[in-house]
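# Coordinates in review
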Amino acid sequence: METLPISHQKFLKTINSQLFIVLLLMVACFFTWSENVAITRAIKVVGRMGVMFSSILIYQKIIRYGSINSLAYKNIFSPILYMTYLMLGFISFSWSTNPGFSALQWFMTFQSFVFAYFFVKSLKILDIYFEGHTIRLYHLLGNTVFILQLVFVIGMWVAPDVFFRLTDGGEEARLGGTLMNPNELGMLAGVGCACLIFDLYRFKNKVWTIIKILIIMYALYMTGSRSSLIGVLLIIFFHINQTKQKTLKFSILALVAMVAPFAVYTVILKGGDQERLEEVMSLTGRLPFWKALITEGLPREPLFGFGFMRIDYKEFFQSAHTYPGKMTHNTFMQVLMNLGFVGFTIVLFQVFFTVKSILSEQKETKLMLIGILIPIVINSFTEFGIFGESNYGIMFYQIIIFSIAFRNNNHLTRPQKIILRKKRPDLTV
């Protein structure tokens, strides 16, 4: 921002704060902050609706201040296939085994889709018309995760009954409580670490950033999430491989070498307990559940499934040898069950074109999006994931989709040039 006029700096500082607030509120609205069903629904539906409209207003504010909508589309297969998936989900209300539930899930997914569209579009417009600004997606998202994880770290000491969830017959306490599934909270921690690592590259004073990462890592450890721990380790090694700073590389390796063995032993291997280790090997009963879904559930509705976010004719799917489940604990299996082979094929191609597009981006964007993608994809194989029931992992994936979908249109129309000259005489059109 040093190269921009003071008036622009004030505007950008305001926009930075507003973008951070709406992102923080949007992610926070995915949490279950109250045991009262009415309050929870109000937060998750009405609250997110308000935040969605706020993202639109911020975008319009940027346009009015000193820019125009000159964005064009690129990598169109990724967003088009995602919209095709949403369209099929909408049509599936007609055959859903619970149309009301399908509609609610679809509506919440569509809310985050619109939010992600205008949020990313705001950042792209800033890149074009305020060259030199310092607003970055990874900084906004990293700080959002830090604030939310800090709430849980403080809460685990202040109100452990609220912020801890007892599992394995009360033998293990996992951070998350009734507010958030521990594995989902762990995935959020992974996304936060992936984003804040970029601040280590950008800022000279790295102490505060390191403190943020350590607090997030502590929260991750307390969630006991095996998949999220694996994701964070992959992210760290990914960045180690990218950096050319030998001192930073050695420091990260030394830190991982000290922490990783203890974390893997306690979180993944569950302290060497044989019974719990066997449980881990079956992915906590998921493997037999998935087998039953494919052999018993899928043949009933193979082409178009049971309807958006439905996996059976009843509320729960249960085989003779598995636990009852309302969701599959695997996002790709979820699509297969709720939209059949047609939906599954759309999703596979959508993911392929998304990854392909990410790899073609500029280095910083590519590294950031891969870092965000790693924890949410790993989470997708064991929890809600990017195509499951409404969760912030879906929103992060939608942000990734739009981050690769926009480019600047260098050929402005005559009316656009006239409007831009009036708004920004400091620019050469």
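Not measured: the values here are computed from a predicted model.

So, on to the overall build of the chain. For the chain, the helix and strand inventory stands at 16 helices and four strands. Counting only residues that meet the buried cut, the chain has 54% of its 429 residues in that class. Intrachain contacts of the chain at a sequence separation of at least 6 include 75% that bridge at least 24 residues. By element, 67% of the accessible surface of the chain is carried by carbon and sulfur atoms, the whole surface being about 19,700 Å².

Further remarks concern the packing of helix α4 (residues 99-129) against helix α15 (residues 392-403). Running from N to C, α4 and α15 cross one another at 40°; their axes reach a closest spacing of 8 Å. With respect to their mutual orientation, α4 and α15 come out oblique. For the pair α4 and α15, the crossing hand works out as right-handed. Packed against α4, whose contacting residues are Thr-109, Ser-112, Phe-113, Phe-115, Ala-116, Tyr-117, Val-120 and Lys-124, the element α15 presents Ile-394, Met-395, Gln-398, Ile-399, Phe-402 and Ser-403 at the interface. Its residues assigned to classes, the contact of α4 with α15 comprises nine nonpolar, four polar and one charged.

Considering all chains together, one arrives at zero disulfides under this definition. Counting only cysteine sulfurs, Cys-195 is the nearest neighbor of Cys-193, a cysteine outside any disulfide, at a range of 9.5 Å. Cys-195 gets classed as buried once you look at its relative accessible area, which sits at 1%.

For Asn-75, which is not a glycine, the phi torsion comes out positive at approximately 45°. When you line up the elements, Asn-75 lands in the loop between β1 (71-73) and α3 (77-91). Judged by relative accessible area, Asn-75 falls into the partly exposed class, the value being 24%. One non-glycine residue, Met-309, adopts positive backbone phi at about 65°. Looking at where Met-309 falls in the secondary structure, it is placed in the loop between α12 (286-297) and α13 (331-359).

Attention now moves to the packing of aromatic side chains. Think of a pair of aromatic rings as described by two things: how far the centres are apart, and how the planes are tilted against each other in angle. All told, the structure shown has 39 aromatic pairs when counted by the stated rule. For the ring pair Phe-402 and Phe-406, a centre distance of 6.1 Å and an interplane angle of 15° mean the geometry is stacked. For Phe-402, a relative accessible area of 4% translates into the label buried. For Phe-406, a relative accessible area of 3% translates into the label buried. In this structure, Lys-212 packs its charged tip against the face of Phe-146, placed 5.9 Å from the ring centre. Above the ring of Phe-130, the side-chain terminus of Arg-424 is found at 4.6 Å from the ring centroid.

With the rule as written, the count across this model stands at seven salt bridges. Here Arg-286 and Glu-383 are joined by a salt bridge, their closest N and O atoms 2.7 Å apart. Taken together, the residues Arg-286 in helix α12 and Glu-383 in the loop between α14 (363-380) and α15 connect sequence positions 97 residues apart. Assigned by exposure class, Arg-286 and Glu-383 land together as buried. The closest approach of N and O atoms between Glu-315 and Lys-326, which form a salt bridge, is 3.8 Å. Of this pair, Glu-315 sits in the loop between α12 and α13 while Lys-326 sits in the loop between α12 and α13; the two residues are eleven residues apart in sequence, bridging distant segments of the chain.

Counting 112 residues, the largest nonpolar core has Tyr-85 and Phe-396 as its most contacted members. The element contributing the most residues to this core is α4, with 14 residues. Apart from residues no more than four positions distant in its own chain, Tyr-85 is found in contact with Phe-308, Met-309, Val-335, Leu-339, Ile-346, Val-347 and Phe-387. Counting residues in each nonpolar core, the second largest holds eleven residues, with Trp-290, Leu-293, Phe-306 and Phe-317 among its members.

Turning our attention to the confidence of the model for the chain. Per-residue pLDDT for the chain has a mean of 87; in total, 89% of the residues score no lower than 70. Between the elements of the chain, mean pLDDT differs from a low of 57, seen in helix α11 (residues 274-281), to a high of 97, seen in α3.

What follows deals with the environment of Thr-328. Along the polypeptide, Thr-328 turns up in the loop between α12 and α13. In sequence terms Thr-328 and Gly-388 are 60 residues apart; their C-alpha atoms lie 8.6 Å from each other. If sequence neighbours within four positions are ignored, Thr-328 has contacts with Phe-289, Trp-290, Leu-293, Ile-311, Met-333, Gln-334 and Met-337.

About the criteria used
- Residues numbered from 1 in each chain as written.
- Predicted model: local features only at pLDDT ≥ 70, side-chain atom pairs only at ≥ 80, totals over all residues.
- Heavy atoms only, no water.
- Helix = DSSP H or I, 4+ residues; strand = E, 2+ residues; numbered from the N terminus.
- Buried < 20%, exposed > 50% of the residue type's maximum accessible area, 1.4 Å probe, protein only.
- Contact = heavy atoms within 4.5 Å.
- Areas by Shrake-Rupley, 256 points an atom, 1.4 Å probe, with all protein chains shown as cover.
- Axes fitted to C-alpha atoms, helices over the stretch in contact; angles between N-to-C directions.
- Parallel < 35°, antiparallel > 145°, perpendicular 65-115°, else oblique.
- Left-handed = near helix turned anticlockwise from the far one by under 90°.
- Nonpolar A, V, L, I, M, F, W, Y, C, P; charged D, E, K, R; others polar.
- Disulfide = S-S within 2.5 Å.
- Phe/Tyr/Trp six-rings, centres within 6.5 Å; stacked < 30°, edge-to-face > 60°.
- Lys NZ or Arg CZ within 6 Å of the ring centre and 35° of its normal.
- Salt bridge = Lys/Arg side-chain N within 4 Å of Asp/Glu carboxyl O.
- Core = buried A, V, L, I, M, F, W, Y, C linked by side-chain atoms within 4.5 Å.
- pLDDT = per-residue confidence, 0-100.

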